[in-house]
Every structure is written in structure tokens, then in C-alpha cells.
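Residues per chain, in single letters:
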Amino acid sequence: SVLYMTFGGIGIGVGSIMLVILLSVGVLGWPLTIFGGLALGSFAMVKNGVSKRKRLKRAARYVQICGKNAYVDIDVLAAHTGQKVRKVLNDVKQMIRIGIFPEGHLDDEQAVLMLSDTVFKEYIDLQKQRKALEIEQKAVALKNKNKKKNKDSEQIVADAVKVEDVSETE
């Protein structure tokens with residue numbers, strides 16, 4: 001970002017000086033176009049450099065907010081930076097994509113930023129355990145439901161037998 005801003009500033013200076021010289025001499029045409037393009041391109045470099053520098057500062061702030069845990073909720077980042085959750089989420093996604101957070105990951109709901117592969121692996125393991133527990137709980141619930149149905153069926157049969165016994169005795 002510093003190089004973009006430095007060389008962009010140099011390009012703006014050179015391009016602007018040459019434009020002023022060419023216009024004062026009265027030269028028009030392709031030289032004017034070349035140096036005008038240089039000035040505009042250099043301006044774009046400065047703008048890009050400033051943008052990158054701001055993004056790096058935001059990334060450093062996110063890491064600072066995250067602390068030693070190496071993970072943080074996106075809404076916590078938004079609250080600490082005064083930005084909207086959606087903006088912070090998009091910012092974090094872009095930072096992960098372009099490599100500012102090389103080990104950065106978002107959870108399945110895109111609500112938690114994890115800054116290390118170790119923390120992400122722990123998250124994945126925890127998710128697997130949670131899913132296994134859910135499956136086990138569903139199996140137990142189904143088994144209990146089937147037991148209840150069997151007991152209800154047995155009760156219906158027992159009631160039917162009692163009714164038959166009563167009707168036979170009459």
C-alpha cells in the first residue's frame with residue numbers, strides 16, 4: 001500500500017507537471033493524452049494504496065478485538081468498530097479471500113471468524129460431536145416412542161381382553 005501511494009504520488013506529480021507544461025506551450029494531441037492518462041492512472045494507484053492501507057488497519061483492529069482466543073463473533077467486531085454486521089462480514093470474507101487472514105475461516109452460519117487452522121479444526125470436531133449427539137438423542141427418542149407405542153398397544157389388547165372377559169361372564 002505504501003508503494004502504491006508513493007509511486008502513485010510521483011506519477012501524479014510528473015503527469016501534472018507535464019500537463020501544465022504541454023498546455024502552456026500549446027501542445028495538444030497524443031502527448032496530452034499520454035500524460036493525462038499517467039496522472040489518472042497514478043491517482044488510481046494512490047486511491048488503491050489508501051484503500052489497502054485502511055483494510056490492513058481494519059484487519060489489525062479485528063485481530064486486536066479477537067485477542068488471544070483466535071476467534072470472535074462477527075457481531076462483536078461490528079459493535080467494536082461501529083460498522084454494520086453485513087459490512088464487517090463482507091470485509092472479513094474479502095480479507096480471507098485475498099490472504100490477509102491466511103488461516104482465516106468463518107463458521108457454517110458465517111457468524112464467527114476463526115483466525116487459525118487449529119481453532120477451525122477444533123470447531124469442526126465440535127460440530128461432528130454435536131451432530132453425533134443429536135443423532136443419538138433422536139435414536140433414543142424414537143426408541144422411547146416405539147416403547148410407548150408398544151405399551152399403548154399392549155394396554156389396548158389388555159383392555160380388549162378385559163372387555164371380552166366381562167362380556168363372556170354376562
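Residues numbered from 1 in each chain as written. Predicted model: local features only at pLDDT ≥ 70, side-chain atom pairs only at ≥ 80, totals over all residues. Heavy atoms only, no water.

## Some points on the sheet that holds strand 1 (residues 71-73)
- Spatial ordering of the open sheet is given by 1-3-2, a layout of 3 strands whose pairing is antiparallel. Because the sheet does not close on itself, it has two edges, and the strands there are strand 1 and strand 2 (105-106). (Pairing = 2+ DSSP bridges. Helix = DSSP H or I, 4+ residues; strand = E, 2+ residues; numbered from the N terminus.)

## Here we look at the confidence of the model for the protein
- Within the protein, residue pLDDT values average 82, and 85% of them lie at 70 or more.
- Mean pLDDT across the elements of the protein ranges from a minimum in helix 5 (residues 117-169), with 71, to a maximum in helix 4 (residues 85-98), with 93. (pLDDT = per-residue confidence, 0-100.)

## Regarding the environment of V72
- Tracing the backbone through its elements, the reader meets V72 in strand 1.
- Along the chain, V72 and A111 lie 39 residues apart, while their C-alpha atoms are 8.6 Å from each other.
- Not counting residues within four places of it along the chain, the set of residues in contact with V72 comprises I65, C66, L77, A111, V112 and L113. (Contact = heavy atoms within 4.5 Å.)

## With respect to a nonpolar patch on the surface
- On the surface, a cluster of nonpolar side chains totalling about 470 Å² of accessible area is made up of L3, F7, I10, V14 and L38.
- It is helix 1 (residues 2-25) that contributes the most residues to the nonpolar patch, 4 residues altogether.
- Mapped onto the secondary structure, L3 falls in helix 1.
- Accessibility expressed as a relative area gives 59% for L3, which makes it exposed. (Patch = residues over 30% accessible without salt bridge, like charges linked within 9 Å, V, L, I, M, F, W, Y side chains within 5 Å. Areas by Shrake-Rupley, 256 points an atom, 1.4 Å probe, with all protein chains shown as cover. Salt bridge = Lys/Arg side-chain N within 4 Å of Asp/Glu carboxyl O. Buried < 20%, exposed > 50% of the residue type's maximum accessible area, 1.4 Å probe, protein only.)

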